[in-house]
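# Remarks on the overall topology
This is what each chain is made of:
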Amino acid sequence: MIGSGRVKQTSTFNHSQIEELLKAEEDELILWADEVRSSCCGDEVHLRGLIEFSNYCTRDCLYCGLRRSNKKITRYRMTKEEIVDCALTGFRAGLKTIVLQSGDDPGYREEDISRIIYLIKAKADVAITLCVGERDYREYGAWKKAGADRYLLKHETANSDLYSRLHPGQTLAGRLKILGWLKEIGYQVGAGNIVGLPGQNLRDLADDILLMKKLDIDMAGIGPFVPHPDTPLGGEKQGELNMSLKVLAAARIVLRDVHLPATTATGSIHPEGQKMALRAGANVVMPNITPARYRPLYEIYQGKTGMKENMEESLVRLRRMIESCRRKIADSKGHSLKISC
Ligand code: SF4
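Reading the values: the criteria
- Residues numbered from 1 in each chain as written.
- Predicted model: local features only at pLDDT ≥ 70, side-chain atom pairs only at ≥ 80, totals over all residues.
- Heavy atoms only, no water.
- Helix = DSSP H or I, 4+ residues; strand = E, 2+ residues; numbered from the N terminus.
- Buried < 20%, exposed > 50% of the residue type's maximum accessible area, 1.4 Å probe, protein only.
- Contact = heavy atoms within 4.5 Å.
- Expected span 1.5 Å × (residues − 1).
- Polar contact = N/O pair within 3.5 Å; in protein donor to acceptor, adjacent residues only side chain to side chain.
- Axes fitted to C-alpha atoms, helices over the stretch in contact; angles between N-to-C directions.
- Parallel < 35°, antiparallel > 145°, perpendicular 65-115°, else oblique.
- Left-handed = near helix turned anticlockwise from the far one by under 90°.
- Nonpolar A, V, L, I, M, F, W, Y, C, P; charged D, E, K, R; others polar.
- Near = heavy atom within 4 Å.
- Phe/Tyr/Trp six-rings, centres within 6.5 Å; stacked < 30°, edge-to-face > 60°.
- Pairing = 2+ DSSP bridges.
- Right-handed = clockwise from strand over helix to strand, strands pointing away.

Glancing now at the side chain of glutamine 274. Considering the arrangement of structural elements, one finds glutamine 274 in helix α11 (residues 273-278). For glutamine 274, a relative accessible area of 6% corresponds to the buried category. Setting aside residues up to four positions removed in sequence, glutamine 274 forms contacts with Ala262, Thr263, Thr264, Thr266, Gly267, Val285, Arg317, Leu318 and Met321.

Structural data, given as structure tokens:
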């Protein structure tokens, strides 16, 4: 399948073809993905300023340091004022998208999140992405009306048995129902998976990509499994960098016109990981702009990169990295590419 004229290839990939991609020679796959990225997205890299505003979570995902059963973590919630101030600081630093992320935290009511969105939008010309987990249809609708543009809800794994094992009390079907709601409401929708989960195989990874194609998503977060010692999966093997890059590259080749971040998790397992991801199909980087005092407490996995930096230091490091890849920093909000490719 890997051959000349591949950039223009638009045929639909079936499951076995995606598995074949994942078995292909890494260098060639990455080169192909980079060509597709250049053709479908250009050379711009979009910066999305990430605010991790609460590490409270009602869920108990087996791989996550924020899970409710982890009693060792110090919990925090930023106030509405702190969140809005932080977003405005990011805007003044040149960011065009603000991502508001938290655990599944009912401590913020629907009206709290709506107010935060409204206040940010009133003072800053930015796109807002929400990543606050599973809520009800009415809440998602209210936040869209308040001005939110995008919603990230990773599907984590397309293997429904594995999904149920890793997410006590939750099902893949439930997750997919919510992703359907988000599209129906009019959000630009992001899904994504974790690569190297215990019990996951190559078939599952091909299914992840196929599922994202079927969902016709606008963005996808793809990164390695990184164990956290204070979780039931703390002793498991970390996901491999090369397989994470191959899944990212295959996703670019199959999904084509989606936004794909060079994830922090990829940067956390290798010092050059995010740079490698930018060369393997990624076109987004998410500088963490959470105030320095909260940043070390949002520890989904251990060894997260950039935990000791402040916002300016993160931005400088990432801008240098992007330039070293001979890529440009976008000056638009970087909405969905679906209409242009
Ligand atoms: S992965 Fe998300 S929902 Fe699950 S425990 Fe962590 S923060 Fe909560």
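This part is about helix α12 (residues 311-324). Residues lying three or four places apart along an α-helix face the same way, a consequence of the helix completing one turn every 3.6 residues. Compared with an ideal rise of 1.5 Å per residue, which puts 14 residues at 20 Å, α12 spans 20 Å between its outermost C-alpha atoms and is within 8% of the ideal. Looking at the buried positions of α12, the neighbouring elements they touch are β1 (44-54), α3 (80-92), α11, β7 (284-285) and β8 (328-329). For α12, the capping residue at the N-terminal end is asparagine 310, with a side-chain oxygen 3.2 Å from the backbone nitrogen of glutamate 312.

Moving on, we get to the packing of helix α4 (residues 110-123) against helix α5 (residues 137-146). At a closest axis distance of 8 Å, the pairing of α4 and α5 adopts a crossing angle of 20 degrees. Relative to α5, the element α4 is oriented roughly parallel. Remark: the crossing between α4 and α5 carries right-handed chirality. Touching Glu110, Ile113, Ser114, Ile117 and Tyr118 of α4 are Arg138, Glu139, Ala142, Trp143 and Ala146, all from α5. Residues that form the contact of α4 with α5 fall into these classes: six nonpolar, one polar and three charged.

The local shell around the ligand consists of Cys57, Arg59, Cys61, Tyr63, Cys64, Leu66, Arg67, Gly103 and Asp104. Its residues assigned to classes, the shell around the ligand comprises five nonpolar, one polar and three charged.

Attention shifts here to the packing of aromatic side chains. Taken as a whole and judged by the stated rule, the model has seven aromatic pairs. Ring geometry for tyrosine 140 versus tryptophan 143: centroids 6.1 Å apart, planes at 80 degrees, classification edge-to-face. Note that tyrosine 140 and tryptophan 143 are positioned in helix α5 at a spacing of three residues, about one turn of the helix. Each member of the pair, tyrosine 140 as well as tryptophan 143, carries the same accessibility label: buried.

Bringing the pairing of strand β5 (residues 188-195) into the picture now. Among the eight residues that make up β5, eight are buried, leaving the element largely enclosed by the rest of the structure. Of the two faces of β5, the one holding Gln188, Gly190, Gly192 and Ile194 and the one holding Val189, Ala191, Asn193 and Val195 are both buried throughout. By the bridge criterion, six bridges tie β5 to strand β6 (residues 219-224) in an arrangement that is parallel. Among the inter-strand pairings, isoleucine 194 is bridged to a residue of β6, identified as glycine 223. With helix α8 (residues 202-215) bridging β5 and the parallel β6, this β-α-β connection has right-handed handedness.

These values are about where atoms sit, not about what they do.
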